[in-house]
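For reference, the chains in residue letters:
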Amino acid sequence: MGAQLRRIHVGNALSAFGLGFTVPYLYVYVAQVRGLGAMTAGLVLAVFAVAALVVLPFAGRAIVRRGPLPVLFAALVTAAVGALGLGLAGNAAAVLLAASALGAGQAVMQPALATMIVDCSTAETRSRAFASQFFLQNLGLGVGGLIGGHLVDAERVSSFTLLFSIEAAVFLVLVAVMATVRLPRAPRVEGAPSGSGGGGWRQLLGNRAMVQLCVLGFVLFFACYGQFESGLSAYGVQAAGISTSVLGTALAANTLMIVVAQFVVLRFVERRRRSRVIAAVGLIWAVAWGAAGFAGLGHGSQEMATAAFVSTYALFGLGEAMLSPTVAPLVADLAPSGLAGQYNSAFALVKQLALAVGPAVGGPMGASLHAPYIVTFLLFSLGITVLALRLGRRLSDVQDQPWRVRSRVVVRGGSASEAVAAEA
């Protein structure tokens, strides 16, 4: 399924490009260029999160019933309409309506694309497929933000109209690209629990390993992604005296670490228990928060504080590179046959909740309660390690260390199901 996966990865890169192309400039566009004020701009950013939380519970059911491709098409068209609407909107009501369409469309794209990756990959290729997805998403975000920043001019509304029009066109091009994808019947990893109950959500809630993974996922996104552009940046400016240019350097260090380390880390991760890889990420992030604590609370020079703060973002990037080929394939391997879309949407919902709560909690703490902020999120990182090790006790060998099953299959010359039967 290499050709199909390549098309899906193009879709991931283009969807991320569209997100990075406009979202960093939404606040300036609404508040200053359209003159609608900071309150409306803040509401627009909130609408993105709310729209995602509203549509994701229904997206999973739609993916299960209709398949990921029709749902993806609907999401892309909705996002295109929202993007074009934002470029043309001249009042608060129109801006909020367009933002809700764009936010809902972009939220549904991710579980749909993730389900397509599951359908077009096997247990042997899934980790690499999701690692490639994460790499291309970060690349798309970075390139989109870079190009978008050179196109916009805060003095000209027309430059933003052009920006949003290009974004809408990108989503429509993506419709054409995805229309060429031919999905096989969704594979299922042997040994995944079949669950029980009448509906998809009942099955999911009855799968205790998946519930534990969702709790772990909330803590992961809350303690890392939910702090990047809120609490941690506020802490850096207020406690460590970090300038905005250094903050930009730190974000670049995060992206650079992901780009450089992703496939190097993959070779290490593929031969380790998934639960222990996630546990190691918790320890790495605890070190990252320790470096952030030194940057703002230590008594070193400004140069040392700057280096420590940039290192914090780089260490977060290393952890992200370890998670990308681990967590998403695990979600897929826990899903019963035919319910990958439901499970991907549920995990995306957990991520959105964490990204909504994280800035609300971390922002005020990072700006004013410097020592409690560092201690709190250092403990959250150690909590990731504890939760990951507990999750590992609920996972089967196929789910926690699929490479061992593959190795036995090669040695014995049998199928994966035969290997599982032999293990039993």
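Residues numbered from 1 in each chain as written. Predicted model: local features only at pLDDT ≥ 70, side-chain atom pairs only at ≥ 80, totals over all residues. Heavy atoms only, no water.

**What about the state of the cysteines?**
This is how it is decided: Cysteine sulfur atoms are paired as a disulfide whenever they fall within 2.5 Å. The classification of residues rests on relative accessible area computed with a 1.4 Å probe and restricted to protein chains. Under 20% of the type maximum is buried, over 50% is exposed, and intermediate values are partly exposed.
In this structure the tally under the stated criterion is zero disulfides. The thiol sulfur of C224 is not disulfide-bonded, and the nearest other cysteine sulfur, from C214, lies at 18 Å. On the basis of relative accessible area, C224 is assigned to the buried category, the value being 1%.

**Observations concerning the pattern of salt bridges**
Stated precisely, the cut-off is as follows: Note on definitions: salt bridges are taken to be side-chain nitrogens of Lys or Arg within 4 Å of carboxyl oxygens of Asp or Glu. Each helix is a run of H or I in the DSSP string that is no shorter than four residues. Each strand is a run of E no shorter than two, and both are numbered from the N terminus.
The full count for this structure, using the stated rule, is three salt bridges. The salt bridge involving R126 is made with D333; its shortest N-O contact spans 2.8 Å. Placement of R126 in helix 6 (residues 126-151) and of D333 in helix 14 (residues 327-334) is noted, with a sequence separation of 207 residues between them. Take R126 and D333: they sit in the same class, and that class is buried. Note that R274 and D333 form a salt bridge whose closest N and O atoms lie 2.7 Å from each other. With a gap of 59 residues between them, R274 in helix 12 (residues 274-297) and D333 in helix 14 connect regions that are remote in the sequence. In terms of burial, R274 and D333 fall into one category: buried.

**A look at the environment of R267**
Within the secondary structure layout, R267 lies in helix 11 (residues 244-269). For R267, a relative accessible area of 66% corresponds to the exposed category. Here the alpha-carbon distance between R267 and G11, two residues 256 residues apart in the chain, equals 25 Å.

**Here we look at the nonpolar core**
Note the following rule: Only buried residues count toward a nonpolar core, which is a set of Ala, Val, Leu, Ile, Met, Phe, Trp, Tyr and Cys residues joined through side-chain atoms within 4.5 Å. When checking whether two residues touch, look at their non-hydrogen atoms; a contact exists if any pair is within 4.5 Å.
Among the nonpolar cores identified, the biggest contains 115 residues, and M210, L213, L232, W285 and F309 are the most heavily contacted of them. For this core, the element with the highest residue contribution is helix 5 (residues 92-119), accounting for twelve residues. For L232, the contacting residues outside a window of four places in its chain are Q227, W289, A292, F309, T312, Y313, F316 and Y373. Within the second largest apolar cluster, five residues are counted, among which are A52, A107, A348 and L349.

**Let's talk about helix 4 (residues 68-88)**
For clarity, the cut-off: For a helix, the expected span equals 1.5 Å multiplied by the residue count minus one.
Taking 1.5 Å as the rise per residue, helix 4 with 21 residues should run 30 Å; its terminal C-alpha atoms sit 30 Å apart, in good agreement. On its buried face, helix 4 is in contact with helix 2 (26-33), helix 3 (37-66), helix 5 and helix 7 (157-178).

**Examining the packing of aromatic side chains**
Selection rule: Pairing of aromatic side chains here covers Phe, Tyr and the six-membered ring of Trp, requires ring centres within 6.5 Å, and sorts the geometry by plane angle: under 30 degrees stacked, over 60 edge-to-face, intermediate tilted.
For the coordinates displayed, the defined rule picks out 16 aromatic pairs. Measuring from centroid to centroid gives 5.0 Å for Y373 and F377, while their planes differ by 55°, and the two rings are tilted. Taken together, the residues span about one helical turn, with Y373 and F377 both in helix 16 (residues 370-392) at a distance of four residues. By the burial criterion, Y373 is buried, and F377 matches it. Three or more aromatic residues link up through ring pairs in this structure, and these residues are F218, F222, Y235, W285, W289, F316, Y373, F377 and F380.

**Description of the confidence of the model for the protein**
Convention followed: Confidence of the predictor in every single residue is expressed as pLDDT, which spans 0 to 100.
Per-residue pLDDT for the protein averages 82, and the proportion of residues at 70 or more is 90%. Every residue in residues 408-424 is under pLDDT 50, and counting partners more than four places away or in other chains gives 15 contacts.

**What about helix 7?**
Spanning 22 residues, helix 7 covers 32 Å between terminal C-alpha atoms, matching the ideal 32 Å at 1.5 Å per step. All of the buried residues along helix 7 are S159, F160, T161, L163, F164, E167, A168, V170, F171, L174 and M178. Looking at the buried side of helix 7, the elements it contacts are helix 1 (2-22), helix 2, helix 4, helix 5 and helix 6.

**Notes on a nonpolar patch on the surface**
Note the following rule: Patch rule: a residue counts if its relative accessible area is over 30% and it has no salt bridge; like charges are joined within 9 Å, and nonpolar side chains (Val, Leu, Ile, Met, Phe, Trp, Tyr) within 5 Å. Using a 1.4 Å probe, accessible areas were evaluated by the Shrake-Rupley method; residue-level cover was limited to the displayed protein chains.
Nonpolar side chains collect at one region of the surface, where L139, V143, L146, I147, L151 and L162 lie side by side and expose about 470 Å² of accessible area between them. Of the residues forming the nonpolar patch, the biggest block, five residues, is contributed by helix 6. Along the chain, the position of I147 falls in helix 6.

**A look at the packing of helix 3 against helix 5**
To be explicit about the condition: Only the stretch in contact is used when fitting a helix axis, every axis being a line fitted to C-alpha atoms; angles between N-to-C directions are given from 0 to 180 degrees. An angle below 35 degrees is treated as roughly parallel, one above 145 as roughly antiparallel, one from 65 to 115 as roughly perpendicular, and anything else as oblique. By definition, any crossing whose near helix is turned counterclockwise from its far helix by less than a right angle is left-handed, and any crossing with a clockwise turn is right-handed. Each residue receives one of three labels: charged for Asp, Glu, Lys and Arg, nonpolar for Ala, Val, Leu, Ile, Met, Phe, Trp, Tyr, Cys and Pro, and polar for the others, Gly being one of them.
As a packed pair, helix 3 and helix 5 sit with axes 7 Å apart at the nearest point and diverge in direction by 40°. Classified by the angle between their axes, helix 3 and helix 5 sit oblique to one another. Between helix 3 and helix 5 lies a crossing of right-handed hand. Looking at the contact of helix 3 with helix 5, its residues break down into 20 nonpolar, five polar and no charged.

**Describing a positive patch on the surface**
Test applied: Note that His is not counted, nor are the chain ends; the positive residues are Lys and Arg, and the negative ones are Asp and Glu. Here the site of a charge means NZ on Lys, CZ on Arg, CG on Asp, or CD on Glu.
Together, R208, R390, R393 and R394 make up a positively charged patch on the protein surface. Its location among the elements puts R394 in the loop between helix 16 and helix 17 (397-400).

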